[in-house]
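An overview of the molecular structure
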Amino acid sequence: AQTVTQSQPEMSVQEAETVTLSCTYDTSESDYYLFWYKQPPSRQMILVIRQEAYKQQNATENRFSVNFQKAAKSFSLKISDSQLGDAAMYFCAYRSGLGGGDKIIFGKGTRLHILP
Amino acid sequence: DTAVSQTPKYLVTQMGNDKSIKCEQNLGHDTMYWYKQDSKKFLKIMFSYNNKELIINETVPNRFSPKSPDKAHLNLHINSLELGDSAVYFCASSRRTSVAGELFFGEGSRLTVL
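Residues numbered from 1 in each chain as written. Chains lettered and ligands numbered in written order. Predicted model: local features only at pLDDT ≥ 70, side-chain atom pairs only at ≥ 80, totals over all residues. Heavy atoms only, no water.

Some words on the overall build of chain B
Filter applied, for reference: Only runs of H or I of at least four residues qualify as helices and only runs of E of at least two qualify as strands under DSSP, and these elements are numbered from the N terminus. Only C-alpha atoms enter the radius of gyration; for comparison, a globular chain is expected to reach 2.2 Å times N to the power 0.38, where N is the number of residues. Accessible area is worked out with a 1.4 Å probe on protein chains only. A residue is then buried under 20% of its type maximum, exposed over 50%, and partly exposed in between. Under the convention used here, a 1.4 Å probe and the Shrake-Rupley method define accessible areas, while residue burial counts only the protein chains that appear. Lys and Arg are tallied as positive, Asp and Glu as negative. Neither His nor the chain termini are counted. Note on charges: their place is set at NZ of Lys, CZ of Arg, CG of Asp or CD of Glu.
Check the secondary structure of chain B and you find 0 helices and 11 strands. Overall, chain B shows an N-to-C arrangement of helices and strands of β-β-β-β-β-β-β-β-β-β-β. Whereas a compact globule of 114 residues would reach a radius of gyration of roughly 13 Å, chain B reaches 13 Å, a difference of no more than 12%. With respect to the principal axes defined by its C-alpha atoms, chain B has extents near 40 × 25 × 25 Å. Taken over 114 residues, chain B has a buried fraction of 45%. Counting every atom, chain B has about 5500 Å² of accessible surface; 49% of that belongs to carbon and sulfur. Looking at chain B, you have 14 positive and 12 negative side-chain charges, and the mean spots of the two groups are 3 Å apart.

Considering the overall build of chain A
Quick note on the threshold: What makes two residues a contact is simply this: any of their non-hydrogen atoms within 4.5 Å.
Of regular secondary structure, chain A possesses 0 helices and 12 strands. Ordered by position from the N terminus, the helices and strands of chain A form the series β-β-β-β-β-β-β-β-β-β-β-β. Here the C-alpha atoms of chain A give a radius of gyration of 14 Å, agreeing with the 13 Å that 2.2 N^0.38 yields for 116 residues. Viewed in the frame of its principal axes, chain A has a C-alpha envelope of about 45 × 25 × 20 Å. Burial statistics for chain A: of 116 residues in total, 49% are counted as buried. For chain A, the share of sequence-separated contacts (at least 6 apart) that also reach a separation of at least 24 residues comes to 55%.

Concerning the pairing of strand β11 (residues 109-113) of chain B
Residue and element names in this part refer to chain B. Rules: Two strands make a pair as long as DSSP finds a minimum of two bridges between them.
Residue alternation in β11 divides its side chains into a buried set, S109, L111 and V113, and an unburied set, R110 and T112. Both strand β2 (residues 10-13) and β11 contribute to a ladder of 4 bridges, which runs parallel. Pairing of L11 across the sheet is with L111, part of β11.

Some words on the packing of aromatic side chains
In plain terms, the rule: Any Phe, Tyr or Trp ring, taking Trp's six-membered ring, that has another such ring centre within 6.5 Å forms a pair; planes under 30 degrees apart are called stacked, those over 60 apart edge-to-face, and the others tilted. Only when the NZ atom of a Lys or the CZ atom of an Arg is both within 6 Å of the ring centre and within 35 degrees of the ring normal do we say a charge sits over the ring.
Following the criterion strictly, the structure yields 15 aromatic pairs over all chains and no others. The interplanar angle of 45° and the centroid separation of 6.1 Å between the aromatic rings of F35 of chain A and Y37 of chain A together place this pair among those described as tilted. For the pair F35 of chain A and Y37 of chain A, one class covers both residues: buried. Between Y33 of chain B and Y35 of chain B, the ring centres sit 6.2 Å apart and the planes meet at 40°, which makes this aromatic pair tilted. Each residue in the set F35, Y37, F91 and F106 of chain A together with Y33, Y35, F90 and F105 of chain B is aromatic and connected to the rest through ring pairs, giving one cluster. The ring of Y10 of chain B carries the charged tip of R43 of chain A above its face, separated from the ring centre by 5.0 Å. Above the plane of the ring of F42 of chain B lies K108 of chain A, whose end atom (NZ or CZ) is 5.8 Å from the centre.

Here we look at the sheet that holds strand β3 (residues 19-25) of chain B
Residue and element names in this part refer to chain B. We count it as follows: Fitting a line to C-alpha atoms yields each axis, with helices limited to the stretch in contact; the angle taken between N-to-C directions then spans 0 to 180 degrees.
Here 4 strands make up an open sheet; going across it, the order is β1-β3-β8-β7 and the pairing antiparallel. Of all the strands in the sheet, just β1 (4-7) and β7 (64-70) have a single pairing partner and so form its edges. Within the sheet, the average angular offset between the axes of one strand and its neighbour, ignoring direction, is 15°. Summarising the sheet, β3 and strand β8 (residues 73-78) pair through 4 bridges and their orientation is antiparallel. Considered in β8, the bridge of I21 is made with L76.

Details of the nonpolar core
Residues and elements named next belong to chain A. Inclusion rule: Take the buried residues of types Ala, Val, Leu, Ile, Met, Phe, Trp, Tyr and Cys, join any two whose side-chain atoms come within 4.5 Å, and each joined set is a nonpolar core.
Within the largest apolar cluster, 26 residues are counted, with the highest numbers of intra-cluster contacts made by L21, Y25, W36, F75, L77, Y90 and L112. Among the secondary structure elements, those contributing two or more residues to this core are β2 (10-14), β3 (19-21), β5 (32-39), β6 (46-52), β8 (64-69), β9 (74-79), β10 (88-96) and β12 (110-115). For this core, the leading source of residues is β10, giving 4 residues.

Description of the environment of T20 of chain A
Residues and elements named next belong to chain A. Of note, T20 is situated in strand β3. Look at T20 and you get partly exposed, because its relative accessible area is 35%. Distance from T20 to I79, taken between C-alpha atoms, is 6.3 Å for residues 59 residues apart in sequence.

A word on the interface of chain A and chain B
Convention followed: By definition, the buried area sums, over both parts, the 1.4 Å-probe accessible area that each loses when the two are put together. The rule for a salt bridge is simple: a side-chain nitrogen of Lys or Arg has to be within 4 Å of a carboxyl oxygen of Asp or Glu. Polar here means any residue other than Ala, Val, Leu, Ile, Met, Phe, Trp, Tyr, Cys and Pro, which are nonpolar, and Asp, Glu, Lys and Arg, which are charged; Gly is therefore polar.
Each partner contributes to the interface: chain A provides 22 residues, whereas chain B provides 29 residues. Together chain A and chain B conceal approximately 2100 Å² of surface at their shared face, both sides included; 53% is due to carbon and sulfur atoms. Where chain A touches chain B, the interface holds 1 salt bridge. Here R50 of chain A and E102 of chain B are joined by a salt bridge, their closest N and O atoms 2.5 Å apart. For the side of chain A that touches chain B, the residue count by class is 10 nonpolar, 4 polar and 8 charged.

As structure tokens, then:
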């Protein structure tokens, strides 16, 4: 069974600085998808970024980018120029690519604090 | 227009009661889910339906019964509520045939059992 591990329960970063959130996963599959979701205090789950495992190029969405290391099964999220609105829980998630895999598995989350 | 909407957003009830949470999506997705988020923020899948057919049924007590009258709706009924059922329940949807099949979430329903 696949697992997703986020080893940092909490992190803090100064406003305007860069922070990297870690995520590792365990799978025997070669085809899969990875996601980062953000959950601000409002509780809404928001997709931040996604990565297809077959793509070597790291995904980027504005200030958010990932470092996808397939061999190491690592999928870290880098937030550049941190803003107060980035304060939230961040969840790493995995989805199997086999047969359109319907289960998305989440890590336990990292709470990110932004210091003004 | 809200893409995935759940009602109610908050629910406070006594142990032993029966309650339902409703979910509707207007994204045209074919797959819908229920996730449970506990007090430690851990998100765990409970059920998934594809075109009204149950495709994922995790280890969830029989007191939880999902119902999908059509592919745009997925409701969750809980019988004989227990203290441990207190959590935030998220409905989500996805399109099976999309590239990554990412989830679109509702705002969550916070259930408190007293």
